[in-house]
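Examination of the molecular architecture
As a plain string of letters, each chain reads:
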Amino acid sequence: QVQVRESGGGLVQPGESLKLSCACSARIFSVNKLGWYRQAPGKQRELVADISGEGNTRYADDVKGRFTISVDNSKYRVYLQMNSLKPEDTAVYYCNYNLYGDDYWGRGTQVTVSS
């Protein structure tokens, strides 16, 4: 009965910013990793960024320096700050909670970057 839900997507122009957020309905005591993934039309789902329970972060090469993942540790709400957005960032963005082997996914939120 665990539910994950993303929010914050929308339509923006190139160079603008968006901040995505994600929440999980489960009572979480600790996490292995929290992450953001995206899937563009005709492409497979790819990792955008993740953060470990220890606070270590990883980013896809094409978003480094532009995107920042963070977590509110009191509630385990996950955020993805996206700056300097490009048309190539257009995709459905998915939030993932990995709780030491169990993966929980949101249904996705659409991000469209277009003039």
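Structural notes, computed from the coordinates.

The rules behind these values
Residues numbered from 1 in each chain as written. Predicted model: local features only at pLDDT ≥ 70, side-chain atom pairs only at ≥ 80, totals over all residues. Heavy atoms only, no water. Phe/Tyr/Trp six-rings, centres within 6.5 Å; stacked < 30°, edge-to-face > 60°. Lys NZ or Arg CZ within 6 Å of the ring centre and 35° of its normal. Helix = DSSP H or I, 4+ residues; strand = E, 2+ residues; numbered from the N terminus. Buried < 20%, exposed > 50% of the residue type's maximum accessible area, 1.4 Å probe, protein only. Contact = heavy atoms within 4.5 Å. Pairing = 2+ DSSP bridges. Axes fitted to C-alpha atoms, helices over the stretch in contact; angles between N-to-C directions. Salt bridge = Lys/Arg side-chain N within 4 Å of Asp/Glu carboxyl O.

Re the packing of aromatic side chains
- Across all of its chains, the model carries 1 aromatic pair by this definition.
- Against the face of Tyr-79 rests Lys-19, its NZ or CZ located 4.8 Å from the ring centre.
- Directly above the ring of Tyr-94 sits Arg-45, whose terminal nitrogen or CZ lies 3.7 Å from the centroid.

Brief notes about the environment of Leu-34
- Inspection of the secondary structure assignment puts Leu-34 in strand S4 (residues 33-39).
- Residue Leu-34 is classed as buried on the basis of its relative accessible area, which comes to 2%.
- The spacing of Leu-34 and Ser-70 is 36 residues in sequence and 9.2 Å in space, taken between C-alpha atoms.
- Those residues in contact with Leu-34, other than ones at most four positions away along the chain, are Ala-49, Asp-50, Ile-51, Ile-69, Val-71, Tyr-76, Val-78, Asn-96 and Tyr-97.

Here we look at the sheet that holds strand S8 (residues 77-82)
- Strand order in the open sheet formed by 4 strands is S1-S3-S8-S7, and the pairing between neighbours is antiparallel. Looking at which strands have only one partner, the edges of the open sheet turn out to be strand S1 (4-7) and strand S7 (67-72). Across the sheet, the mean angle separating the axes of adjacent strands is 15 degrees when strand polarity is ignored.
- As defined by bridge partners, S7 adjoins S8 across 6 bridges and the pair is classed as antiparallel. Of the residues in S8, the one forming a bridge with Ser-70 is Tyr-79.

Concerning the side chain of Thr-109
- Relative to the helices and strands, Thr-109 is located in strand S11 (residues 109-113).
- Other than its neighbours up to four places away in sequence, Thr-109 contacts Glu-6, Ser-7, Gly-8, Gly-9, Leu-20, Ala-91, Val-92 and Tyr-93.

Some words on the pattern of salt bridges
- As enumerated under the stated definition, the model contains 6 salt bridges in all.
- Measuring nitrogen to oxygen at the nearest pair gives 3.0 Å for the salt bridge that ties Asp-89 to Arg-38. Within this pair, whereas Asp-89 is found in the loop between S8 and strand S9 (91-99), its partner Arg-38 is found in strand S4, the two being separated by 51 residues in sequence. Across the pair, Arg-38 and Asp-89 agree in class, each one buried.
- Ionic pairing is found between Lys-64 and Asp-61, a salt bridge with its closest N-O pair at 3.1 Å. Summarising the burial analysis for this pair, Lys-64 and Asp-61 share the class exposed.
- Connected via shared salt-bridge partners are Arg-38, Glu-46, Asp-62, Arg-66 and Asp-89.

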